[in-house]
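Each chain, letter by letter, is given below.
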Amino acid sequence: MRLVPEKSDVHVPRLVGLMAVDARETARARGLSLYASDRPDVRLAVVDHVVRQFPQPGARVPRESTVYVWFDFGEGEGGGGIREPRVPRPPLGGLRRELAEPDGEPGEPGGTPPGPGPYCAALSSP
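These remarks concern the structure in this document.

What counts and how
- Residues numbered from 1 in each chain as written.
- Predicted model: local features only at pLDDT ≥ 70, side-chain atom pairs only at ≥ 80, totals over all residues.
- Heavy atoms only, no water.
- Phe/Tyr/Trp six-rings, centres within 6.5 Å; stacked < 30°, edge-to-face > 60°.
- Helix = DSSP H or I, 4+ residues; strand = E, 2+ residues; numbered from the N terminus.
- Buried < 20%, exposed > 50% of the residue type's maximum accessible area, 1.4 Å probe, protein only.
- Lys NZ or Arg CZ within 6 Å of the ring centre and 35° of its normal.
- Contact = heavy atoms within 4.5 Å.
- Pairing = 2+ DSSP bridges.
- Axes fitted to C-alpha atoms, helices over the stretch in contact; angles between N-to-C directions.

A word on the packing of aromatic side chains
Each aromatic ring pair is summarised here by two numbers: the centre-to-centre distance and the angle between the ring planes.
In step 1: Here the structure, examined in full by the defined rule, presents one aromatic pair.
In step 2: When the centroid spacing of 5.7 Å and the interplanar angle of 80° are considered together, the rings of Tyr35 and Tyr68 count as edge-to-face. Here Tyr35 is found in strand S2 (residues 33–35), whereas its partner Tyr68 is found in strand S5 (residues 66–71), with 33 residues between them in sequence.
In step 3: Owing to a relative accessible area of 42%, Tyr35 belongs among the partly exposed residues under this scheme.
In step 4: Over the ring of Trp70 we find Arg52; its NZ or CZ atom is 4.0 Å from the centre of that ring.

Some details on the side chain of Asp48
In step 1: Along the chain, Asp48 turns up in the loop between S2 and strand S3 (50–54).
In step 2: A relative accessible area of 17% means that Asp48 is categorised as buried.
In step 3: The residues touching Asp48, leaving out its near neighbours within four places in the chain, are Leu18, Met19, Ala20, Arg39, Phe71 and Asp72.

Observations regarding unusual backbone geometry
In step 1: Along the chain, Phe54 connects to Pro55 via a cis peptide bond; the corresponding omega equals 0°.
In step 2: Looking at the element boundaries, Pro55 is found in the loop between S3 and strand S4 (60–62).
In step 3: For Glu64, which is not glycine, the phi dihedral falls at a positive 75°.
In step 4: By the secondary structure assignment, Glu64 is in the loop between S4 and S5.

Re the sheet that holds S3
In step 1: Sheet architecture is open: three strands sit in the order S2-S5-S3, paired in mixed fashion. For this open sheet the edge positions go to S2 and S3, each flanked by a neighbour on one side alone. Strand-to-strand twist in this sheet, taken as the mean axis angle between neighbours without regard to direction, amounts to 35°.
In step 2: Relative to S5, S2 runs parallel, the two sharing three bridges. Counterpart to Leu34 in the pairing with S5 is Val67.

Below, the structure is given as structure tokens:
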């Protein structure tokens, strides 16, 4: 009876932050392969940086497993998001809009308190 050795488990290395060529070599040294859905031929990617990976670094996987990686957008490929002002702008007022304004006359129950308004401030100097 011939015994077939089982594939030994390996720890997934941290590939995030590495250039594509370094990530490929690091994975190959552990017996892993890379797959990038945003780069059909990951062997041609050289200077792109890995921004995400699965499985996470430190996970134990069988040797010859595939590590999925995603690269950052290259120059001219977008990824910077929308930089124009949002239209329509958010309503003004924030939390002040949510405060209930008291009804009634100053000095009445439920009315505004007597005295200076909310924008009055006293300053003093030594």
